[in-house]
Amino acid sequence: MNKQSIFRLTALASGMMVLPNAWAGVEGYASLNGGTTGGEGGQVVYATTGTEINEAMCNRASDDTPLIIYVTGTINHANTEKASGSCSTSDTAIQFKGVSNISLIGKGEALFDEIGIHLREASNIIIRDVHVRNVKKSGSPISNGGDSIGLEKNVHNVWIDHNELEASGGEKDGYDSLIDMKATVQYVTVSYNYLHHSGRGGLIGSSDNDTENTFITFHHNRYEDIDSRLPLLRHGTVHAYNNYYKNVSKSGMNPRIGGQIKAEHNVFENVQNPIGTFYTDDMGYWDISGNKFIDVTWLDNSTNHPAGPDPVSTTSISVPYSYDVDNADCVVSVVLATAGYDKDDAVSSGTCSTDSQASNASDQSTETGTEPADSSATDDSDSSATATSTKELGDNLSLNASSDGNGKSHGSYGDVRDGDITTYWAPKGKTGRVSIKWDSQQTINTLVITEASDFAEQITGWQVVNNDTGDVLATGTAAGTITFADVSLKKVNFVITSSSGKPTVAEFETYYAK
């Protein structure tokens, strides 16, 4: 081990520490079979390279000594080398093999770029607040069989929470799945993740003979622009509730060959074949209730057996744990406010609002909204702008605030609150989010959004979201003055949902107009 790594593992570690409260309270199957606590009570280590992650695992006293690894920066093939000791590591993946009692937690921005996370013969593992993208099984570089996160061979009690997983295409482009589970994987909870732009979401059971994968919970995840496998389930039992599926081109939940899924209070928008048994006649089963279907297509043919167009249950499934379910009408707003990496670890309260756990907060993404307005939205800017003329705006509260967002192609987040309309922020694509936040509660009722002069009138759709609760405060189709009812909050999001060209925000002003 080099001197820098020794320094990180000793000087930066704070001895024996317990996890903060944000890691308590796993819901779903991972709460059973002894529970899932990860590295709770173990040493805390900080890593900025894949090599340091491997060294942290290998320098434990034994393969089950509790360990919490906080990751910052970009992990890739160039900075990942094998290590030796109480572990079996790899230089082509971040591998948890033959180990237990580990938490891998992103802090700040933790990007696993073209390198996947692989669990094999592992237990009591937490993966949280990381961003994994573009893991390939063919082409270069390859990693983890093309899976962002892969669980394989005698893996149990795993919590995959508040992460972002993405690919840039499907199998023909060299990618496989976002989350695969095979060869006896049990007692797993997948919660509050943003999974997108992939051919395959994931499977549970790699073949018809892979029969021992079961007891998996998916809740409050956001799936977008994925072809299929949400999940593909063979033989086992899955519970899926309060997930949001959008732009699914082939099929969604696909239980087959005796697999059964309890699907309740999910939202499916622009999805083909949301639930059913597909591409085989070996049927699975579904217990469905309270789901919301928006612009879905049910395609029935010789090998597709959809649950719709008038979906009914084909079995009854009881789950052996308690859980809170949001009404489907508010799932979109709750999921947009909570799903993804580094969102102040916000979770649903179970009553159509959110709670911020904030123990791992940083200056990064807390929402990646590209969805249409929820039914709770108030009037848009066109209908409410005139109300401001009868009020005095007062001080621009953004000037004494901080800001963040979910990515940028130009400028910085601070450019939206510097009082200078010649500087601006622009997202990576035609949609994105920028936010204003304060250390203490602020009451606001007005925003003024100014686009950069060279890109005027490019924003064609937006939402204003109370980040603290997930409530949509206003929606509209053009930047300018936006008013809404008085609200007290610590963070407000301006979410660009559509644009005709390059969307920009030069100034994001906030006021309590009286």
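Keep in mind the model is a prediction, meaning the values are calculated, not measured.

### Observations concerning the overall build of the protein
Line of reasoning, step 1. Helix and strand content of the protein: four helices and 34 strands.
Line of reasoning, step 2. Per-residue burial over the protein gives 59% buried out of 514 residues.
Line of reasoning, step 3. Once local pairs closer than 6 in sequence are excluded, the contacts in the protein between residues at least 24 apart make up 70%.
Line of reasoning, step 4. Working note: accessible area of the protein is about 18400 Å², and carbon and sulfur atoms make up 45% of it.

### A look at the nonpolar core
Line of reasoning, step 1. Core analysis: the largest hydrophobic core is formed by 62 residues, its most contacted members being Ile-69, Phe-112, Ile-117, Leu-119, Leu-151 and Met-181.
Line of reasoning, step 2. Filtering out sequence-adjacent residues up to four positions away, Met-181 remains in contact with Leu-151, Val-188, Val-190, Leu-203, Ile-204, Gly-205, Asn-213, Ile-216 and Phe-218.
Line of reasoning, step 3. With 24 residues, the next largest nonpolar core counts Ile-449, Leu-489, Val-492 and Phe-508 among its residues.

### Focus: the packing of aromatic side chains
Line of reasoning, step 1. One pass over the full model with this rule turns up 14 aromatic pairs.
Line of reasoning, step 2. Taking 5.0 Å as the distance between ring centres and 35 degrees as the angle between the ring planes, the aromatic pair formed by Tyr-241 and Tyr-323 counts as tilted. Linking Tyr-241 in strand E18 (residues 237–241) with Tyr-323 in the loop between strand E26 (304–306) and helix H3 (331–338), this pair joins segments that are 82 residues apart in sequence.
Line of reasoning, step 3. Ring geometry for Trp-462 and Phe-494: centres 6.0 Å apart, planes at 35 degrees, overall tilted.

### Things to note about the state of the cysteines
Line of reasoning, step 1. Enumeration over the complete set of coordinates arrives at two disulfides.
Line of reasoning, step 2. One disulfide in the model links Cys-58 with Cys-87; its S-S distance is 1.6 Å. Here the disulfide of Cys-58 and Cys-87 is right-handed, its torsion about the S-S bond being about 45 degrees. Pair noted here: Cys-58 is in helix H2 (residues 50–58) and Cys-87 is in the loop between strand E2 (67–75) and strand E3 (94–97), with a separation of 29 residues, a long-range link. As far as burial versus exposure is concerned, Cys-58 and Cys-87 are alike and both buried.
Line of reasoning, step 3. The disulfide partner of Cys-330 is Cys-352, and the S-S distance across this bridge is 1.9 Å.

### Observations concerning the pattern of salt bridges
Line of reasoning, step 1. For the coordinates displayed, the defined rule picks out 16 salt bridges.
Line of reasoning, step 2. Where Glu-152 meets Arg-120, a salt bridge forms, and the shortest distance between an N and an O atom there is 3.3 Å. Here Glu-152 is found in strand E8 (residues 149–152), whereas its partner Arg-120 is found in strand E5 (residues 117–120), with 32 residues between them in sequence.
Line of reasoning, step 3. Residue classification places Glu-152 among the partly exposed positions, given a relative accessible area of 23%.
Line of reasoning, step 4. The partly exposed category is assigned to Arg-120, whose relative accessible area is 21%.
Line of reasoning, step 5. Residues joined in a network through salt bridges with shared partners are Lys-137, Glu-171, Asp-176 and Arg-200.

### Points about H3
Line of reasoning, step 1. Counted residue by residue, H3 has eight buried out of eight residues, so it is predominantly covered.
Line of reasoning, step 2. Taken together, the buried positions of H3 are Val-331, Val-332, Ser-333, Val-334, Val-335, Leu-336, Ala-337 and Thr-338.
Line of reasoning, step 3. Positioned one or two residues after H3, Gly-340 has a phi angle of 130 degrees, which is positive.

### Quick notes on unusual backbone geometry
Line of reasoning, step 1. Cis geometry is adopted by the peptide bond preceding Pro-141, which originates at Ser-140 and carries an omega value of -5 degrees.
Line of reasoning, step 2. Here Pro-141 lies in the loop between strand E7 (131–133) and E8.
Line of reasoning, step 3. In this model, Gly-308 is joined to Pro-309 through a cis peptide bond whose omega is 20 degrees.
Line of reasoning, step 4. Relative to the elements of secondary structure, Pro-309 occurs in the loop between E26 and H3.
Line of reasoning, step 5. Even without a glycine there, the phi angle at Tyr-279 is positive, about 70 degrees.
Line of reasoning, step 6. With respect to the element layout, Tyr-279 can be found in the loop between strand E23 (276–278) and strand E24 (285–289).

### Regarding the pairing of strand E15 (residues 214–219)
Within a regular strand, side chains alternate between the sheet's two faces.
Line of reasoning, step 1. Counting buried positions along E15 gives five out of six residues, so the element sits mostly inside the fold.
Line of reasoning, step 2. Strand direction decides the pairing type here: strand E12 (residues 185–191) and E15, joined by five bridges, are parallel. Its bridge partner being in E15, Thr-189 is matched across the sheet by Thr-217.

### Notes on H2
Line of reasoning, step 1. Taking burial as the measure, the nine residues of H2 include nine buried ones, the bulk of the element.
Line of reasoning, step 2. Gly-50, Thr-51, Glu-52, Ile-53, Asn-54, Glu-55, Ala-56, Met-57 and Cys-58 are the residues of H2 that are buried.

### A few points about the pairing of strand E22 (residues 267–271)
Line of reasoning, step 1. Of all five residues in E22, four are buried, a share of seventy percent or more.
Line of reasoning, step 2. Pairing geometry for strand E19 (residues 244–248) and E22, over four bridges, is parallel. By the bridge assignment, Tyr-245 is partnered in E22 with Phe-268.
Line of reasoning, step 3. Two elements, E22 and strand E25 (residues 292–294), share three bridges in a ladder whose sense is parallel. Of the residues in E25, the one forming a bridge with Glu-269 is Ile-294.

### Concerning the confidence of the model for the protein
Line of reasoning, step 1. Mean pLDDT for the protein: 87, with 88% of residues reaching 70 or above.
Line of reasoning, step 2. In this model, residues 1–24 is a region of pLDDT below 50 whose contacts with residues beyond four sequence positions or in other chains number 54 contacts.

Cut-offs applied
Residues numbered from 1 in each chain as written. Predicted model: local features only at pLDDT ≥ 70, side-chain atom pairs only at ≥ 80, totals over all residues. Heavy atoms only, no water. Helix = DSSP H or I, 4+ residues; strand = E, 2+ residues; numbered from the N terminus. Buried < 20%, exposed > 50% of the residue type's maximum accessible area, 1.4 Å probe, protein only. Contact = heavy atoms within 4.5 Å. Areas by Shrake-Rupley, 256 points an atom, 1.4 Å probe, with all protein chains shown as cover. Core = buried A, V, L, I, M, F, W, Y, C linked by side-chain atoms within 4.5 Å. Phe/Tyr/Trp six-rings, centres within 6.5 Å; stacked < 30°, edge-to-face > 60°. Disulfide = S-S within 2.5 Å. Salt bridge = Lys/Arg side-chain N within 4 Å of Asp/Glu carboxyl O. Pairing = 2+ DSSP bridges. pLDDT = per-residue confidence, 0-100.

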